[in-house]
Amino acid sequence: SSSVKSTLIRNKISFKTIKKIDKEAISFIKSKKPDVILSSNSLIFSKEVLDIPRICCINRHSSLLPSYGGILPVFRSIQFKEKYCGASVHVMDEGIDTGPILSRKFLPVYKNDSLFTLYRMLFVLSFVAIEESLNRILDGKLEDKLEIDDQNLRQSYFSYPNNSDWKEFKRNGGSFI
């Protein structure tokens, strides 16, 4: 009931599920003349797509950006025994999971938390982060620096885990459900 698709249907907002950003998808997006594009997927936007909205493209990511950019950030939080994971919303640029951060929400990681449990809670926190980000945009505060201390958050990026990553994840109590 809280998916993007169900929210759009409930509010009678037209949409199209895009699995690949091709000419047809770009044409559809341009036809909507969006002010903001919200991404909550693993598609990488080209400069052409980033330039479509009047204001900006924003992305929801399940990590405390700039830390844990890339694939499976919650897996990495468990693998590296982090005390917190989180949800961030940032302005998209031509990098992956880079760009100014508009909102960041922290979630403690407990010993018996599974990937499923953490992702489920992070998607709820994501709604708060998205709303906060959209309000910043509406209030003209897009350029204002996020007021949360970034000193302990170092930029990192990860791709798919390898065998040793899986072993470390399991050794540190990681589970899917």
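Description of the structure in this document. (Residues numbered from 1 in each chain as written. Predicted model: local features only at pLDDT ≥ 70, side-chain atom pairs only at ≥ 80, totals over all residues. Heavy atoms only, no water.)

## Some remarks on the environment of Thr17
- Tracing the backbone shows Thr17 in the loop between helix H1 (4-10) and helix H2 (23-31).
- Along the backbone, Thr17 and Ile71 are 54 residues apart, and their C-alpha atoms lie at a distance of 21 Å. (Helix = DSSP H or I, 4+ residues; strand = E, 2+ residues; numbered from the N terminus.)

## Observations regarding the pairing of strand S1 (residues 36-39)
- The alternating pattern of S1 places Ile37 and Ser39 on a buried face and Val36 and Leu38 on a face that is not buried.
- In this structure, S1 lies alongside strand S2 (residues 56-61), joined through four bridges in parallel fashion. In the sheet register, Ser39 faces S2, and the bridge partner there is Asn59. (Buried < 20%, exposed > 50% of the residue type's maximum accessible area, 1.4 Å probe, protein only. Pairing = 2+ DSSP bridges.)

## Some words on helix H5 (residues 115-138)
- Relative to the 34 Å expected for 24 residues at 1.5 Å per residue, H5 spans 34 Å between its end C-alpha atoms, a close match to the ideal helical length.
- Taken together, the buried positions of H5 are Leu115, Leu118, Tyr119, Leu122, Ser126, Ala129, Ile130, Ser133, Arg136 and Ile137. (Expected span 1.5 Å × (residues − 1).)

## Regarding the pairing of S2
- Taken across its six residues, S2 has six buried, putting it largely inside the fold.
- Burial along S2 is two-sided: the residues Cys56, Ile58 and Arg60 and Cys57, Asn59 and His61 are all buried.

## Some points on the nonpolar core
- Core analysis: the largest hydrophobic core is formed by 12 residues, namely Val74, Phe75, Ile78, Cys85, Ala87, Leu107, Val109, Leu115, Leu118, Tyr119, Leu122 and Phe169.
- Listing elements by their share of this core, those giving two or more residues are helix H4 (73-79), strand S4 (84-91) and H5.
- Here this core takes four residues from H5, the largest share from any one element. (Core = buried A, V, L, I, M, F, W, Y, C linked by side-chain atoms within 4.5 Å.)

## Focus: the side chain of Gln79
- Along the chain, Gln79 falls in helix H4.
- Gln79 gets classed as buried once you look at its relative accessible area, which sits at 1%.
- Only 3.0 Å separates the side chain of Gln79 from the side chain of Asp165, close enough to count as a polar contact.
- A distance of 2.9 Å separates polar atoms of two side chains, one belonging to Gln79 and the other to Glu168.
- Leave out the neighbours within four places in its chain, and Gln79 touches Asp165, Glu168, Phe169 and Asn172. (Polar contact = N/O pair within 3.5 Å; in protein donor to acceptor, adjacent residues only side chain to side chain. Contact = heavy atoms within 4.5 Å.)

## Section: the pattern of salt bridges
- One pass over the full model with this rule turns up five salt bridges.
- Here Lys47 and Asp51 are joined by a salt bridge, their closest N and O atoms 3.0 Å apart.
- Among the salt bridges present, the one from Arg76 reaches Asp165, with a minimum N-O distance of 3.1 Å. Highlighted residues: Arg76 in helix H4 and Asp165 in helix H6 (residues 163-171), separated in sequence by 89 residues.
- The class for Arg76 is buried, based on a relative accessible area of 3%. (Salt bridge = Lys/Arg side-chain N within 4 Å of Asp/Glu carboxyl O.)

## Observations concerning the packing of aromatic side chains
- The full count for this structure, using the stated rule, is 10 aromatic pairs.
- Each ring, one from Tyr68 and one from Phe80, has its centre 6.3 Å from the other, and the planes form 25°; the classification is stacked. With Tyr68 in the loop between S2 and strand S3 (69-70) and Phe80 in the loop between H4 and S4, this residue pair connects regions lying 12 residues apart in the sequence.
- The class of Phe80 is partly exposed, set by a relative accessible area of 32%.
- Pairing Phe80 with Phe158 gives two aromatic rings, centres 5.7 Å apart and planes at 40°, and the pair type is tilted. Of the two residues, Phe80 sits in the loop between H4 and S4 while Phe158 sits in strand S6 (residues 157-158), which places them 78 residues apart along the sequence.
- Among the aromatic residues, those joined into a cluster by ring pairs are Phe75, Trp166, Phe169 and Phe176. (Phe/Tyr/Trp six-rings, centres within 6.5 Å; stacked < 30°, edge-to-face > 60°.)

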